[in-house]
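Commentary on secondary and tertiary structure
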Amino acid sequence: NAELDNFTSGKTCYIQDETGGLQIFFGENHPFAFGDVVEIDFSGATLMNYKGSSEISGLPLDKAYKIGTTTVTAKVVSMADFLANKYEGQYVEIDTPVQVSESDLSKTWVVGGAHTNINMEDADGNKFLVRSGKYSSFGAQTVAQGSGKIKGIASIYNSDIQLVFAQTSDY
């Protein structure tokens, strides 16, 4: 979602269909919004692994075309499956209420103008990170207080399981 601007670059996006999701780095900033239906020509592209994440890098923007819009519904997943990275690149809702870890409750989603990880946990002590890009439109907001359901794009960086917000309603 280019409007949320929650990645390290405006060149980054995730695409998904009924079989899975994939991170794409275009050669320039893309205009796609959450829910855009996009047709992509992957000829000449290479699928690679970047620090544990599957991605296509440097894809020319003229190989992607918006062909419509759709309503995107988060796939409800168990905490165990989310932490096992079974839904990488997909828009998910974790079925277990979570909360920001006590050590991060006074922070904003973006701290010090840098890409920021916020520690999350559930009542059973399962932990993961919420990753926010320094350009995020919501970065100056204080992190959510209390517990509840959370949505976002499932991702991994090195061995850290992360959730990346796609819409402000995700948190």
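Going by the structure above, here's the rest.
Observations regarding the overall build of the protein
Within the protein, the regular secondary structure consists of one helix and twelve strands. Sequence-ordered secondary structure for the protein, helices as α and strands as β, is β-β-β-β-β-β-β-α-β-β-β-β-β. Here the C-alpha atoms of the protein give a radius of gyration of 16 Å, agreeing with the 16 Å that 2.2 N^0.38 yields for 171 residues. Once the C-alpha set of the protein is aligned to its principal axes, its extents read approximately 45 × 30 × 30 Å. For the protein, with 171 residues in total, the buried portion stands at 40%. A fraction of 59% describes how many contacts in the protein between residues 6 or more apart in sequence connect residues 24 or more apart. Carbon together with sulfur atoms contributes 46% to the accessible area of the protein, which is approximately 8700 Å² in total. Charge centroids of the protein, computed over 12 positive and 21 negative side chains, lie 4 Å from each other.

A closer look at the nonpolar core
Formed by 22 residues in total, the largest nonpolar core has its most connected members in Phe82, Trp109, Met120, Phe128, Val130 and Ile150. Secondary-structure elements contributing two or more residues to this core are α1 (79–83), β8 (91–100), β9 (116–122), β10 (127–132), β11 (147–157) and β12 (160–164). Ranked by residue count, the leading element in this core is β8, at four residues. Not counting residues up to four positions away in its chain, the partners in contact with Met120 are Val98, Gln99, Val100, Ser101, Asn126, Lys127, Phe128, Val130 and Ile150. Formed by ten residues, the second largest nonpolar core is a distinct cluster that contains Cys13, Phe26, Ile40 and Ala64.

Regarding a nonpolar patch on the surface
Side chains of Met48, Tyr50 and Tyr157 sit close together on the surface and give an oily, nonpolar patch of about 270 Å² of accessible area. Within the secondary structure, Tyr157 sits in strand β11.

A short note on the packing of aromatic side chains
According to the stated counting rule, one finds eleven aromatic pairs in the structure shown. The rings of Trp109, Phe138, Phe165 and Tyr171 are connected pair by pair, giving a single aromatic cluster.

Structural notes on the sheet that holds strand β4 (residues 47–50)
In space, the four strands of this open sheet follow the order β1-β2-β5-β4, with mixed pairing throughout. Of all strands in the sheet, those bounded by a partner on one side alone are β1 (12–17) and β4. Between one strand axis and the next, the sheet turns by 40° as a mean value, whatever way the strands run.

Re the environment of Val98
Looking at where Val98 falls in the secondary structure, it is placed in strand β8. On the basis of relative accessible area, Val98 is assigned to the buried category, the value being 3%. When the C-alpha positions of Val98 and Phe128 are compared, they lie 9.9 Å apart, and in sequence the two are 30 residues distant. Val98 has contacts with Met79, Met120, Glu121, Asp122, Phe128, Gly146, Ser147, Gly148 and Ile150, leaving out every residue within four places of it along the chain.

Observations concerning the pattern of salt bridges
Taken as a whole and assessed by the stated rule, the structure comprises three salt bridges. Taking the shortest distance from any N to any O, the salt bridge between Asp36 and Lys66 comes out at 3.4 Å. Residue Asp36 is located in strand β3 (residues 36–40), and its partner Lys66 is located in strand β6 (residues 64–69); the two are separated by 30 residues in the primary sequence. By relative accessible area, Asp36 is classed as buried at 18%. With a closest N to O distance of 3.2 Å, Asp81 and Lys86 form a salt bridge. Owing to a relative accessible area of 53%, Lys86 belongs among the exposed residues under this scheme.

Cut-offs applied
- Residues numbered from 1 in each chain as written.
- Predicted model: local features only at pLDDT ≥ 70, side-chain atom pairs only at ≥ 80, totals over all residues.
- Heavy atoms only, no water.
- Helix = DSSP H or I, 4+ residues; strand = E, 2+ residues; numbered from the N terminus.
- Rg over C-alpha atoms; globule rule 2.2 N^0.38 Å.
- Buried < 20%, exposed > 50% of the residue type's maximum accessible area, 1.4 Å probe, protein only.
- Contact = heavy atoms within 4.5 Å.
- Areas by Shrake-Rupley, 256 points an atom, 1.4 Å probe, with all protein chains shown as cover.
- Lys, Arg positive; Asp, Glu negative; His and termini not counted.
- Charge placed at Lys NZ, Arg CZ, Asp CG, Glu CD.
- Core = buried A, V, L, I, M, F, W, Y, C linked by side-chain atoms within 4.5 Å.
- Patch = residues over 30% accessible without salt bridge, like charges linked within 9 Å, V, L, I, M, F, W, Y side chains within 5 Å.
- Salt bridge = Lys/Arg side-chain N within 4 Å of Asp/Glu carboxyl O.
- Phe/Tyr/Trp six-rings, centres within 6.5 Å; stacked < 30°, edge-to-face > 60°.
- Pairing = 2+ DSSP bridges.
- Axes fitted to C-alpha atoms, helices over the stretch in contact; angles between N-to-C directions.

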